[in-house]
Amino acid sequence: MKHAGWIAGAAAAVLVAAGAVTYAVADGDGSGSGTKAAATDSADAGFARDMAVHHQQAVEMSYIVRDRTDDEDVRRLAYDIAQTQANQRGMLLGWLDLWELPKVSTDPPMTWMGMGGLTSGKDGALMPGMATNSDLKKLNTLSGEKAEIFYLQLMTDHHRGGVHMAKGCVEKCTVGAEVRLARGMVASQQSEIDLMAGMLKERGVGSEG
């Protein structure tokens, strides 16, 4: 199996696009007008805050598995996910700075999607798709193929949650550059879900174990 070229190419394309989007909104709303682009209770701000948290966990899980396996395909996938989502997380937090908005909110996660209070936050899983603290501890105890399988299953669920949130931003956000980024997240994460399904199939399991 040779996933490495596809993975690296996709990650590079996302990072180039991300850089272009960052530049586009560097002066407020992306039009050069200097206008503040989002209110603190807007979908744009809510998505930026929540997806930054969501992405941070994906980065954490990806670096864990890179230390738990020697499989080059899994290691490359994990590295590319970590780099891409760390880059996007920086953009999201940067936009909040540009908009002069706080990076945290007293509202429950996903309030901007009309789901505030519906996510339990049980065992550290603050939003749909997020791994629990117990999941992360377990991943840290596994190695080899067991670590690969558990990571791929966790990241599949994580991406599904991320796709759901990104689709919410596509529908509700008003800042054009952020909508474009969210649309790109949907496409790239869905492609990785499909890729991980194939990797799990090669290991004789499904995304649900």
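Relevant structure appears above.
Residues numbered from 1 in each chain as written. Predicted model: local features only at pLDDT ≥ 70, side-chain atom pairs only at ≥ 80, totals over all residues. Heavy atoms only, no water.

A. Highlighting the packing of aromatic side chains. Inspection of every chain in the model, using the stated rule, returns 2 aromatic pairs. Summarising the aromatic geometry, the rings of Phe47 and Trp112 are spaced 5.7 Å apart at their centres and angled 80° between planes, so their arrangement reads as edge-to-face. Highlighted residues: Phe47 in helix 2 (residues 43-66) and Trp112 in the loop between helix 3 (72-98) and helix 4 (133-141), separated in sequence by 65 residues. Above the plane of the ring of Phe150 lies Lys138, whose end atom (NZ or CZ) is 4.5 Å from the centre. (Phe/Tyr/Trp six-rings, centres within 6.5 Å; stacked < 30°, edge-to-face > 60°. Helix = DSSP H or I, 4+ residues; strand = E, 2+ residues; numbered from the N terminus. Lys NZ or Arg CZ within 6 Å of the ring centre and 35° of its normal.)

B. Expanded view of helix 3. In this model helix 3 runs 39 Å from its N-terminal to its C-terminal C-alpha over 27 residues, within 8% of the 39 Å that 1.5 Å per residue would give. Where helix 3 begins, the side chain of Asp71 points an oxygen toward the backbone nitrogen of Asp73, at a separation of 3.2 Å. At the exit of helix 3 stands Glu100, carrying a positive phi of roughly 60°. (Expected span 1.5 Å × (residues − 1). Polar contact = N/O pair within 3.5 Å; in protein donor to acceptor, adjacent residues only side chain to side chain.)

C. The arrangement of the packing of helix 3 against helix 5 (residues 144-172) in detail. Interhelical geometry of helix 3 versus helix 5 gives an angle of 35° and a closest axis separation of 11 Å. Of the two elements, helix 3 crosses helix 5, and the hand of that crossing is left-handed. Side by side, helix 3 and helix 5 meet where Val74, Leu77, Ala78, Ile81 and Gln85 of the first sit next to Glu148, Tyr151, Leu152, Met155 and His159 of the second. Class assignment for the residues of the contact of helix 3 with helix 5 results in 7 nonpolar, 2 polar and 1 charged. (Axes fitted to C-alpha atoms, helices over the stretch in contact; angles between N-to-C directions. Left-handed = near helix turned anticlockwise from the far one by under 90°. Contact = heavy atoms within 4.5 Å. Nonpolar A, V, L, I, M, F, W, Y, C, P; charged D, E, K, R; others polar.)

D. Up close: the pattern of salt bridges. Counting across every chain of the model gives 6 salt bridges. The partner of Glu148 in a salt bridge is Arg203, with the nearest N and O atoms 2.9 Å apart. Pair noted here: Glu148 is in helix 5 and Arg203 is in the segment after helix 6 (176-202), with a separation of 55 residues, a long-range link. Judged by its relative accessible area of 7%, Glu148 falls in the buried class. One connected set of salt bridges, linked through shared partners, spans Asp71, Glu148 and Arg203. (Salt bridge = Lys/Arg side-chain N within 4 Å of Asp/Glu carboxyl O. Buried < 20%, exposed > 50% of the residue type's maximum accessible area, 1.4 Å probe, protein only.)

E. Fine view of the packing of helix 2 against helix 4. In the contact formed by helix 2 and helix 4, the axes pass within 10 Å of each other and the chain directions differ by 20°. Taken as axis vectors, helix 2 and helix 4 run roughly parallel relative to one another. Note that helix 2 runs across helix 4; the crossing there is left-handed. On helix 4, the residues touching Gln57, Glu60, Met61 and Ile64 of helix 2 are Leu136, Leu139 and Asn140. (Parallel < 35°, antiparallel > 145°, perpendicular 65-115°, else oblique.)

F. Inspection of unusual backbone geometry at higher detail. One non-glycine residue with positive phi stands out, namely Glu100, at about 60°. For Glu100, the location among the structural elements is in the loop between helix 3 and helix 4. With a relative accessible area of 65%, Glu100 lands in the exposed category. For Asp123, which is not a glycine, the phi torsion comes out positive at approximately 55°. Among the secondary structure elements, Asp123 is positioned in the loop between helix 3 and helix 4. By relative accessible area, Asp123 is classed as partly exposed at 31%.

G. Expanded view of the state of the cysteines. Evaluated as defined, the whole model comprises 1 disulfide. Here Cys169 connects covalently by a disulfide to Cys173, the sulfurs 2.3 Å from one another. Taking the sign of the S-S torsion, about -120° here, the bridge from Cys169 to Cys173 comes out left-handed. The residues Cys169 and Cys173 share a single accessibility class, namely buried. (Disulfide = S-S within 2.5 Å.)

Remember that the coordinates give geometry; whether it matters functionally is a separate question.
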